[in-house]
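Listed here are the chains, written in short residue letters.
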Amino acid sequence: MNERLNVIGHDHVYAVGDITDVAEAKMAGWAMRHAEVVVENIKARLNGAEPTATYEPTPFPMMLLPLGTTGGVGQLPTPDGPSVASPAMVADYKGTDLFTGRFTGQFGPTA
Ligand SMILES: Cc1cc2nc3c(=O)[nH]c(=O)nc-3n(C[C@H](O)[C@H](O)[C@H](O)COP(=O)(O)OP(=O)(O)OC[C@H]3O[C@@H](n4cnc5c(N)ncnc54)[C@H](O)[C@@H]3O)c2cc1C
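Criteria and thresholds
Residues numbered from 1 in each chain as written. Predicted model: local features only at pLDDT ≥ 70, side-chain atom pairs only at ≥ 80, totals over all residues. Heavy atoms only, no water. Pairing = 2+ DSSP bridges. Helix = DSSP H or I, 4+ residues; strand = E, 2+ residues; numbered from the N terminus. Axes fitted to C-alpha atoms, helices over the stretch in contact; angles between N-to-C directions. Contact = heavy atoms within 4.5 Å. Buried < 20%, exposed > 50% of the residue type's maximum accessible area, 1.4 Å probe, protein only. Arc of directions from axis to C-beta.

Caption draft 1: Structural detail: the sheet that holds strand E4 (residues 71–78). Pairing in this open sheet of three strands is antiparallel, and the strands run E3-E4-E5 from one edge to the other. Strand pairing shows two members of the sheet lacking a second neighbour, strand E3 (63–67) and strand E5 (81–85), which therefore form its edges. Adjacent strand axes in the sheet meet at a mean angle of 15° when their direction is disregarded. Relative to E4, helix H2 (residues 87–95) is tilted by about 85°, and along the sheet it contacts E3, E4 and E5.

Caption draft 2: Just H2, in detail. Buried within H2 are the following residues: Val90, Ala91 and Gly95. With its buried residues spanning 100° around the axis, H2 presents them on a single face. Residues of H2 that are exposed and angled more than 90 degrees away from the buried face: Ala88 and Asp92. Looking at the buried side of H2, the elements it contacts are E3, E4 and E5.

Structural data, given as structure tokens:
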């Protein structure tokens with residue numbers, strides 16, 4: 001793959017998620033970031049432009065480990081490097097509803 005997440009030799013074929021050979025852990029969080037890059041590149045192609053969005057793996061691990069709905073531990077990326085996520089941050093970002101609210105908003109409520 002190249003940095004635009006094209007399969008090398010196939011400018012119209014992209015890969016996202018666990019099937020990629022990006023040097024990083026196989027995680028849903030990264031898969032979502034891959035998708036953002038690929039969406040930008042497909043939109044560019046549809047508009048007759050060259051795709052320019054690129055993906056660069058974060059050089060350190062990211063982890064959010066909720067412990068119940070109010071606690072947890074984690075490490076998040078920041079522009080200055082990895083930073084410890086407080087229990088409140090882990091709960092706020094993930095533990096309270098394990099992303100169900102976020103994905104309901106993204107995909108719409110189901111019957
Ligand atoms: C136990 C566990 C816990 C995890 N926890 C986390 C976490 O806390 N945070 C995090 O970021 N990531 C976590 N991950 C990783 C995360 O689940 C994956 O990185 C993510 O699901 C990858 O998404 P994907 O769409 O690339 O692949 P998948 O989610 O594996 O989707 C691939 C889909 O393709 C389907 N498929 C396979 N072969 C075919 C075929 N021939 N035809 C049609 N369909 C097919 C499969 O059935 C599947 O639905 C965890 C993984 C595991 C196993």
